[in-house]
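Listed here are the chains, written in short residue letters.
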Amino acid sequence: MSETPPHDTADVLVVGSGIAGCAVALQAAREDADVCLITKAERPADASTDWAQGGISTARGDPEALKRDVLAASDGTADPNAVDVLVREADAAVEDVLLETLGIGFDEREDGAFDYAREAAHSERRILHVDAATGRHVLRPFLNYLDDHDRIEVRQDTAALELVTHEGRVHGVLTDEEPTGNPIYAGATVLATGGIGALYPRSTNPDGATGDGISMAALAGADVADLEYVQFHPTAFDGEEPFLLSEALRGEGAVFRNGDGRRFMTEYHSDAELAPRDVVARAVATEREETGEVVLDVSPIAFDAEFPTIAESCREHGLEGAEIPVAPCEHFLCGGIDVDDRGRTSLEELYAVGECARTGVHGANRLASTSLLEGLVWGLRAGEAAAGRKAKPRVVDATELRDSDPALPERFSAEKFTRLQRTMNDSLGLERDPDGIARASAVLRRLKGEVDAYTRTRTSRELYELRNACVTALLIARAAGENPESRGCHHLVREDAPTAEPEVPR
């Protein structure tokens with residue numbers, strides 16, 4: 001009888017340590033499941049949640065008003081049933097986890113009430129925040145809480161390389177803890193791996209956002225959806241090291257000015273600076289092209305007093321004065337692994353939550369400050385569902401990865417990533433056209449083929465991240481090529497396309 005190779009087991013395995021993955025782990029442990037949470041991050045700053053600035057939206061007692069704003073920002077493409085789940089459970093989830101369990105000290109007014117902020121496309125103030133660095137003030141206490149939980153094991157600096165599958169069911173993952181892969185078998189596996197920022201040269205995401213979960217799920221046969229909807233944030237610092245300038249700045253009164261010193265957003269949308277993100281990002285790009293520059297003028301607000309963290313970042317980058325040069329920057333993927341209202345994918349015992357998942361909430365364009373909320377709500381629901389199945393880990397044959405050839409040539413991954421990023425930026429950015437998408441698809445297919453030739457005989461984290469980026473980029477290109485409708489973040493420019501008149505105040 002053959003000996004079972006070394007392996008680990010868990011009732012629920014979570015891949016990723018942002019707010020969505022943490023919420024899964026918390027709720028699964030509450031349901032008496034033994035949880036293993038693995039993350040390739042070595043510190044909280046490596047997770048996308050830690051980079052979140054503006055805050056977390058609440059319903060503030062009026063879920064129907066929030067639903068209207070989510071649907072409007074999505075250009076009418078969000079799934080109303082998914083939005084219902086989000087807005088119905090928003091306030092209870094925030095109260096339960098962030099306030100009662102973690103005790104997050106959200107900013108308050110002098111009278112002790114919460115200092116709710118307003119951001120673009122929100123009709124009212126409903127966003128809880130801590131300065132403009134909410135993510136780090138939420139994620140770090142969350143991880144500390146999980147570290148102390150008896151039912152949760154957290155493994156940092158541990159990357160998932162492949163899903164372990166058998167007969168249509170997912171049984172866990174292979175990690176990079178051993179040269180040929182270390183299996184972790186689980187009753188349920190939950191992907192919470194974040195976004196795709198590393199696919200673009202300028203992004204507000206950490207460098208590790210390489211589309212890992214989307215790629216692994218797709219290669220295992222899971223359904224994906226809405227991958228053409230890549231959201232660009234309109235206000236990232238226009239420099240070699242971009243950093244995000246929270247939408248809350250505009251919510252308090254900051255305005256755009258072009259290279260001629262003229263405020264221009266009133267010409268593009270009746271909500272001006274508070275228009276949906278896709279509209280604002282394209283307007284900023286247009287004005288930069290036509291006038292050479294766009295700045296965010298923060299003189300109308302108490303910048304240093306109300307946004308000390310952003311003000312300090314500006315000083316660190318040598319920025320003085322009230323005008324900050326900005327440019328659009330890749331920010332968020334609205335689509336991903338297709339899931340239901342419990343985070344269940346098309347593969348048995350595989351779940352997905354957070355930015356790698358497509359819940360239907362965002363449609364073609366995400367409403368500001370709903371990403372942390374979606375991760376929290378779906379994380380709790382997926383954690384309950386995964387643990388509630390009571391499925392036990394089952395040891396099946398797992399692929400033994402090969403690591404027989406010499407290490408990668410020097411700068412191999414860096415050069416391939418540069419090529420991939422250039423292709424995505426040129427053809428799958430803010431504006432696209434069918435010919436450009438087709439050319440990008442051809443380039444990406446060749447690039448993936450080159451990378452696959454190396455993954456057959458080498459196992460390393462950087463190589464698998466590159467493979468995942470190539471697979472996800474190809475899926476984005478395919479989705480973009482199959483969608484002839486210009487909507488939200490998927491903005492097509494072609495000679496036969498009608499030109500919509502800009503919405504202006506009447």
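As a starting point, this report considers the structure included with it. (Residues numbered from 1 in each chain as written. Predicted model: local features only at pLDDT ≥ 70, side-chain atom pairs only at ≥ 80, totals over all residues. Heavy atoms only, no water.)

Bringing the sheet that holds strand S10 (residues 230-237) into the picture now. Read from one edge to the other, the open sheet built from 4 strands follows the order S10-S13-S12-S11, with strand pairing classed as antiparallel. Because the sheet does not close on itself, it has two edges, and the strands there are S10 and strand S11 (255-258). Neighbour-to-neighbour, the strand axes of the sheet open up by a mean angle of 45°, direction not taken into account. Judged from the 3 bridges that link them, strand S12 (residues 294-297) and strand S13 (residues 323-333) form a sheet pairing that is antiparallel. Bridge pairing in S13 places Val295 opposite Pro325. (Pairing = 2+ DSSP bridges. Helix = DSSP H or I, 4+ residues; strand = E, 2+ residues; numbered from the N terminus. Axes fitted to C-alpha atoms, helices over the stretch in contact; angles between N-to-C directions.)

With that out of the way, let us pick up the packing of helix H11 (residues 412-427) against helix H13 (residues 461-482). In contact at an axis separation of 10 Å, H11 and H13 are set at 15° when each is read in the N-to-C sense. Taken as axis vectors, H11 and H13 run roughly parallel relative to one another. When you trace H11 past H13, the crossing you get is left-handed. For the pair formed by H11 and H13, the contact residues are Phe412, Ser413, Lys416, Phe417, Leu420 and Met424 on the first element and Glu462, Leu463, Glu465, Leu466, Ala469, Cys470, Ala473 and Ile476 on the second. Per-class residue counts for the contact of H11 with H13 are 10 nonpolar, 1 polar and 3 charged. (Parallel < 35°, antiparallel > 145°, perpendicular 65-115°, else oblique. Left-handed = near helix turned anticlockwise from the far one by under 90°. Contact = heavy atoms within 4.5 Å. Nonpolar A, V, L, I, M, F, W, Y, C, P; charged D, E, K, R; others polar.)

Here we come to empty space enclosed by the protein. Enumeration over the complete set of coordinates arrives at 1 cavity of 30 Å³ or more. Of all elements in the fold, only S10 and helix H7 (277-291) reach the threshold of two or more residues within the lining of the largest cavity. The residue inventory of the lining of the largest cavity, partitioned by class, reads 5 nonpolar, 2 polar and 2 charged. (1 Å grid on protein atoms, 1.4 Å probe; cavity = no way out; pocket = protein on both sides within 12 Å on 5 of 7 lines; lining within 4 Å. Points joined across faces, edges and corners; volume = space filled by probe spheres on them.)

This part takes up the packing of helix H12 (residues 434-455) against H13. Two quantities define a packed helix pair, namely the angle between the axes and the distance from one axis to the other. Running from N to C, H12 and H13 point in directions that differ by 155°, and their axes come no closer than 9 Å. Relative to H13, H12 is oriented roughly antiparallel. Like other packed secondary-structure pairs, H12 and H13 cross with a definite hand, here left-handed. On H13, the residues touching Ile437, Ser441, Leu444, Arg445, Leu447, Lys448, Val451, Asp452, Tyr454 and Thr455 of H12 are Leu463, Tyr464, Leu466, Arg467, Cys470, Val471, Ala473, Leu474, Ala477, Ala480 and Gly481.

What follows deals with the pattern of salt bridges. Inspection of the entire model under this criterion finds 40 salt bridges. Note that Asp304 is salt-bridged to Arg315, the shortest N-O span being 2.7 Å. Taken together, the residues Asp304 in helix H8 (residues 303-306) and Arg315 in helix H9 (residues 308-316) connect sequence positions 11 residues apart. Residue Asp304 is classed as partly exposed on the basis of its relative accessible area, which comes to 46%. The structure contains a network of salt bridges with shared partners spanning Asp8, Glu153, Arg155 and Glu177. (Salt bridge = Lys/Arg side-chain N within 4 Å of Asp/Glu carboxyl O. Buried < 20%, exposed > 50% of the residue type's maximum accessible area, 1.4 Å probe, protein only.)

Another aspect to go through is the packing of aromatic side chains. By the definition in use, this model includes 7 aromatic pairs. Relative to Phe232, the ring of Tyr200 lies with its centre 5.5 Å away and its plane at 90°, an arrangement referred to as edge-to-face. Here Tyr200 is found in the loop between strand S8 (182-191) and helix H5 (212-219), whereas its partner Phe232 is found in strand S10, with 32 residues between them in sequence. Taken individually, Tyr200 and Phe232 each receive the classification buried, so the pair is uniform in this respect. Ring geometry for Phe412 versus Tyr454: centroids 4.3 Å apart, planes at 50°, classification tilted. Of this pair, Phe412 sits in helix H11 while Tyr454 sits in helix H12, and the two are 42 residues apart along the sequence. Taking the relative accessible area as the measure of exposure, Phe412 reaches 7% and is therefore buried. (Phe/Tyr/Trp six-rings, centres within 6.5 Å; stacked < 30°, edge-to-face > 60°.)

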